[in-house]
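# Structural description and commentary
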Amino acid sequence: MSTDMNLAASTQDDEAHAIAPDVRHRPGVPDAWHSTTPERAARLAALRARMADADLAVVALASPERIYYLTGLDHLGYFAFTLLLVPVDGEPVIVTRAMERPTIAAQLPHCRHVTFADGDDPAMAVSAVLDEFAADGATVGVEASALFFPPAILARIRAATPWLRLRDTDALLSDAMAVKSAEEITLTRRAAGVSDAAMTAGIAAARPGAGEHDVAAAVHHAMYTAGGQQPGFAPLIRPLSLLDQEHVSWQQRPLVAGTGLFLELSGCVARYHAPLSRTIYLGSLPDGAAEAHAAALAGLHAARDALRPGVTTGQVYARWQHAVAGSDSPAWPLRHHCGYLVGIGFPPSWVGGGEVLGIRSGGETPIAAGMTFHLMSWVAGHVVSDTALVTPHGAELLTSTPRDLTVVT
């Protein structure tokens, strides 16, 4: 059983939505967001317009998130070198390991497929395509900082195409991908439903004497039963004694009465993510837990209220910082951010790569309607977070698991 204590909960918290028993099928939402959608065709056209403005003959993209954004390719074969080549005119070309041929034929019939055999150099396959598309002296945009674009392969491409100018164009798609379309928002809402189902199951499984692995099993079962797919990042489940050890997760440790448990996870639908985190307590409240919860909740509300079009990420962070510091609590160590942009994600990340657009002190990135953020209010001893959608009039929290101070027994 569980006992909930509501401290400083807002009206919005009181009205948390019930979780649908099955979020897999909703009217008007396809089971899979296929690669031939008009929206993806419009994305490709918009990219080519930016390429023309930048005098780029070809753009080479290696991150699975950007390849998915443009083509819809959803697989795990990107562990081997995979590159999408988009010419300013003509058919896109996908370069992959040869054994991916059936997958590419099924998912990307609108792309030309060039393969390399195991043991062959993928740089040579890429160079042959560039020789076809880019004339002497042409400029090729390269996503050089992508996690899955090995520097050694890029160096060999450069050596094989000395007549080309290669320019780093990592930012070419960033602004477009940051603002979600109506279809993307629908998918993110579905992911939020999966997140809530998984979090509810995890909290229900947590009790003194159970194991962290029992909580993890419940989370995973609920996540997939609710219609989610493999998220970009494994759920993070650990005792508060290990809270400062970032990005470590469950082991076969027993849950101990009088301590706290941190759960952070994200549902994933059509590769879109909606993370949330909750902190719960086992058996009884440790000293300072109520104060930490109140500070974290005040910070979440302040960040949500500040998150609106026209403000900057730094202004949102300042509002969060002021709310946390102004609560009836000790002087909390300040977190380096209070949130970050989320959207398409593939393992090993639900943020779309290694670089994170965070809500940080002094940040100058303007907030726009259609952005989705994982808002995190993290203080010493307590964390609460939700996925927030920026609307024209403010921010809406898409995840709705209750934010009350919770003790499970």
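See above for the structure.
First, a word on what this report is: a plain description of the structure on this page. Keep in mind that this is a model prediction, so the values were computed, not measured.

## Details of the side chain of threonine 161
- Looking at where threonine 161 falls in the secondary structure, it is placed in the loop between α6 (151–160) and β7 (165–168).
- Within polar-contact distance, the side chain of threonine 161 engages the backbone oxygen of isoleucine 157 at 2.7 Å.
- Setting aside anything within four residues of it in sequence, one finds threonine 161 in contact with Ser127, Leu130 and Leu166.

## Some details on helix α3 (residues 64–71)
- Among the eight residues of α3, eight are classified as buried, and the element is accordingly described as predominantly covered.
- Along α3, the residues that are buried comprise Pro64, Glu65, Arg66, Ile67, Tyr68, Tyr69, Leu70 and Thr71.
- Just downstream of α3, glycine 72 is the residue with a positive phi angle, here 90°.

## Details of the sheet that holds strand β5 (residues 112–116)
- Taken in spatial order, the six strands of this open sheet run β5-β4-β3-β2-β6-β7, and their pairing is mixed. Looking along the sheet, the strands with just one partner apiece sit at the ends: β5 and β7. Between one strand and the next, the sheet's axes are offset by a mean angle of 25°, whatever the strand orientation.
- Alignment of strand β2 (residues 58–61) against strand β6 (residues 139–142), held across three bridges, turns out to be parallel. In the sheet register, valine 58 faces β6, and the bridge partner there is valine 140.
- In the packing of helix α2 (residues 38–53) onto the sheet, contacts are made with β2 and β3 (83–87), and the angle to β3 comes to roughly 65°.
- Taken strand by strand, α3 contacts β2, β3 and β4 (93–97), and its axis lies near 45° from that of β3.

## Examining the packing of α2 against α3
- Interhelical geometry of α2 versus α3 gives an angle of 110° and a closest axis separation of 7 Å. When the interaxial angle is binned, α2 and α3 end up roughly perpendicular. Taking contact as the criterion, the partners of Arg40, Arg43, Leu44 and Leu47 in α2 are, on α3, Tyr68, Tyr69, Leu70 and Thr71.

## A short note on the packing of aromatic side chains
- Scanning all chains against the criterion turns up seven aromatic pairs.
- Ring centres of tyrosine 68 and phenylalanine 346 lie 5.8 Å apart, and the angle between their planes is 70°; this geometry places the pair in the edge-to-face category. Here the residue tyrosine 68 occupies a position in helix α3, and phenylalanine 346 occupies one in the loop between β11 (339–341) and β12 (372–379), the gap between them amounting to 278 residues.
- Look at phenylalanine 346 and you get buried, because its relative accessible area is 1%.
- Here phenylalanine 233 and tryptophan 350 contribute two aromatic rings whose centre-to-centre distance is 5.7 Å and whose plane-to-plane angle is 65°, an arrangement assigned as edge-to-face. You can see phenylalanine 233 sitting in the loop between α9 (212–225) and β8 (236–239) and its partner tryptophan 350 sitting in the loop between β11 and β12, a full 117 residues away along the chain.
- With relative accessibility at 4%, the residue tryptophan 350 sits in the buried group.
- Feature note: the residues Tyr68, Tyr78, Phe148 and Phe346 constitute an aromatic cluster, connected by ring pairs.
- The residue whose ring lies beneath arginine 40 is tyrosine 68, and the NZ or CZ to ring-centre distance is 4.6 Å.
- Over the face of the ring belonging to tryptophan 378 we find arginine 335, whose NZ or CZ atom lies 3.8 Å from the ring centre.

## Description of the pairing of β8
- Here β8 shows a buried face lined by Leu236 and Arg238 and a second buried face lined by Ile237 and Pro239.
- Bridge count between β8 and strand β9 (residues 260–269): four bridges; the pairing is antiparallel. The partner of proline 239 across the bridge, within β9, is leucine 261.

## Comments concerning the pattern of salt bridges
- Summed over the entire model, instances satisfying the criterion amount to twelve salt bridges.
- With its nearest N and O atoms 2.9 Å apart, the salt bridge here joins arginine 278 to aspartate 386. Of this pair, arginine 278 sits in strand β10 (residues 272–282) while aspartate 386 is found in strand β13 (residues 382–391), placing the two residues 108 residues apart along the sequence.
- The exposure class assigned to arginine 278 is buried, which follows from its relative accessible area of 4%.
- Within this structure, Glu39, Arg43 and Glu184 form a network of salt bridges that share partners.

## Re the packing of helix α5 (residues 122–133) against α6
- In contact at an axis separation of 9 Å, α5 and α6 are set at 40° when each is read in the N-to-C sense. Judged by the angle between their axes, α5 and α6 are oblique. In terms of crossing hand, the pair formed by α5 and α6 is right-handed. From α5, Pro122, Ala123, Met124, Val126, Ser127 and Leu130 reach across to α6, where they touch Ile153, Arg156, Ile157 and Ala160.
- Here the residues of the contact of α5 with α6 are counted per class, giving eight nonpolar, one polar and one charged.

Criteria and cut-off values
Residues numbered from 1 in each chain as written. Predicted model: local features only at pLDDT ≥ 70, side-chain atom pairs only at ≥ 80, totals over all residues. Heavy atoms only, no water. Helix = DSSP H or I, 4+ residues; strand = E, 2+ residues; numbered from the N terminus. Polar contact = N/O pair within 3.5 Å; in protein donor to acceptor, adjacent residues only side chain to side chain. Contact = heavy atoms within 4.5 Å. Buried < 20%, exposed > 50% of the residue type's maximum accessible area, 1.4 Å probe, protein only. Pairing = 2+ DSSP bridges. Axes fitted to C-alpha atoms, helices over the stretch in contact; angles between N-to-C directions. Parallel < 35°, antiparallel > 145°, perpendicular 65-115°, else oblique. Phe/Tyr/Trp six-rings, centres within 6.5 Å; stacked < 30°, edge-to-face > 60°. Lys NZ or Arg CZ within 6 Å of the ring centre and 35° of its normal. Salt bridge = Lys/Arg side-chain N within 4 Å of Asp/Glu carboxyl O. Left-handed = near helix turned anticlockwise from the far one by under 90°. Nonpolar A, V, L, I, M, F, W, Y, C, P; charged D, E, K, R; others polar.

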